[in-house]
Amino acid sequence: MRKFLIATHGTFSSGIKSSLDIIIGQMDNVFIIDAYVDGNKSIEEGLTAILKNVHAHDELVAFSDLLGGSITNQILQYALKENVHVVSGINLPLLIDVMLADADTPIADVIENAITNAKDQIVYVNKLINSNKEENQND
């Protein structure tokens, strides 16, 4: 079974999980860690508890907010196993693509495609609108 961990600084994990629950519905296989909000305790305790729920036949996709950040580094220290995949620099489209992917598609392929799609969702909308206006004026 695919399981998912969203681990971020502050309450970003809770917020993005709330959005996911609204958009795709609640999923029992999604865990979150809101790091450094409860008296600056480390995420080791949360990771240990979550990893107890990940068995050898499971896949865990761990999402973090910052490449090179303390959260990503901690996940790598405690969870770098063959069945664990770590993705940094998350956004909502990325999470939706990965979580809704066909379970028969290899997870590495799912992640690569989702990253490409997520990058396409990052758009400076003002520039897009202005370039569309200019195109329409030139027609």
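Since this is a predicted model, take the numbers as computed values, not measurements.

Asks: Explain the packing of aromatic side chains residue by residue, including any values.
Replies: Given two aromatic rings, their pairing is described by the distance between the two centres and the angle made by the two planes. The final tally for this structure, using the stated rule, is one aromatic pair. Both rings, one in Phe4 and one in Phe63, keep their centres 6.5 Å apart while their planes meet at 20 degrees; by these two values the pair is stacked. Residue Phe4 is found in strand S1 (residues 2–9), and its partner Phe63 is found in strand S3 (residues 59–64); the two are separated by 59 residues along the sequence.

Asks: I'd like to hear about the environment of Met27, residue by residue, with values.
Replies: In this structure, Met27 sits in the loop between helix H1 (12–24) and strand S2 (30–35). Here the alpha-carbon distance between Met27 and Met99, two residues 72 residues apart in the chain, equals 9.3 Å. Once residues lying within four places of it in the same chain are set aside, the contact partners of Met27 are Phe4, Lys17, Asp21 and Met99.

Asks: Describe the pairing of S2, listing the residues and the values that go with them.
Replies: Across six bridges, the pairing between S1 and S2 is parallel. For Thr8, the partnering residue across the bridge sits in S2 and is Asp34.

Asks: Tell me about the sheet that holds S1, and please be specific about residues and values.
Replies: With respect to topology, four strands assemble into an open sheet ordered S2-S1-S3-S4, the strand pairing being parallel. Each edge of the sheet is formed by a strand with only one pairing partner; in this case those strands are S2 and strand S4 (84–88). Across this sheet, the average inter-strand angle for adjacent strands is 15 degrees, counted without regard to direction. Relative to S4, S3 runs parallel, the two sharing five bridges. The partner of Val61 across the bridge, within S4, is His85. On top of the sheet, helix H4 (residues 92–99) reaches S1, S2, S3 and S4; it is set at about 175 degrees to S3, its chief contact.

Asks: Before we move on, could you go through the nonpolar core and cite the residues and values that matter?
Replies: Core analysis: the biggest nonpolar cluster contains 19 residues, and Ile6, Val61, Phe63, Leu94, Leu95, Val98 and Met99 have the highest contact counts within it. Excluding its chain neighbours within four sequence positions, the residues that come into contact with Leu95 are Ile6, Ile16, Leu20, Phe63 and Ile90.

Asks: Describe in detail the packing of H4 against helix H5 (residues 107–120), supporting the description with residues and values.
Replies: The N-to-C vectors of H4 and H5 enclose an angle of 150 degrees; their axes lie 8 Å apart at closest approach. Compared by their axis directions, H4 and H5 come out roughly antiparallel. Here the hand of the crossing between H4 and H5 comes out right-handed. Where H4 approaches H5, its residues Pro93, Leu94, Asp97 and Val98 are matched on the opposing element by Ile107, Val110, Ile111, Ala114, Ile115, Asn117 and Ala118. Class assignment of the residues belonging to the contact of H4 with H5 gives a composition of nine nonpolar, one polar and one charged.

Asks: Before we move on, could you go through H1 and cite the residues and values that matter?
Replies: Over its 13 residues, H1 extends 18 Å from the first C-alpha to the last, a length consistent with the 18 Å expected when each residue adds 1.5 Å. Taken together, the buried positions of H1 are occupied by Ser13, Ile16, Lys17 and Leu20. Buried residues in H1, looked at end-on, bunch into an arc of 105 degrees, giving them a common side. Close packing links the buried residues of H1 with S1, S2 and H4. Immediately downstream of H1, the backbone of Gly25 shows phi near 90 degrees, a positive value.

Cut-offs applied
- Residues numbered from 1 in each chain as written.
- Predicted model: local features only at pLDDT ≥ 70, side-chain atom pairs only at ≥ 80, totals over all residues.
- Heavy atoms only, no water.
- Phe/Tyr/Trp six-rings, centres within 6.5 Å; stacked < 30°, edge-to-face > 60°.
- Helix = DSSP H or I, 4+ residues; strand = E, 2+ residues; numbered from the N terminus.
- Contact = heavy atoms within 4.5 Å.
- Pairing = 2+ DSSP bridges.
- Axes fitted to C-alpha atoms, helices over the stretch in contact; angles between N-to-C directions.
- Core = buried A, V, L, I, M, F, W, Y, C linked by side-chain atoms within 4.5 Å.
- Buried < 20%, exposed > 50% of the residue type's maximum accessible area, 1.4 Å probe, protein only.
- Parallel < 35°, antiparallel > 145°, perpendicular 65-115°, else oblique.
- Left-handed = near helix turned anticlockwise from the far one by under 90°.
- Nonpolar A, V, L, I, M, F, W, Y, C, P; charged D, E, K, R; others polar.
- Expected span 1.5 Å × (residues − 1).
- Arc of directions from axis to C-beta.

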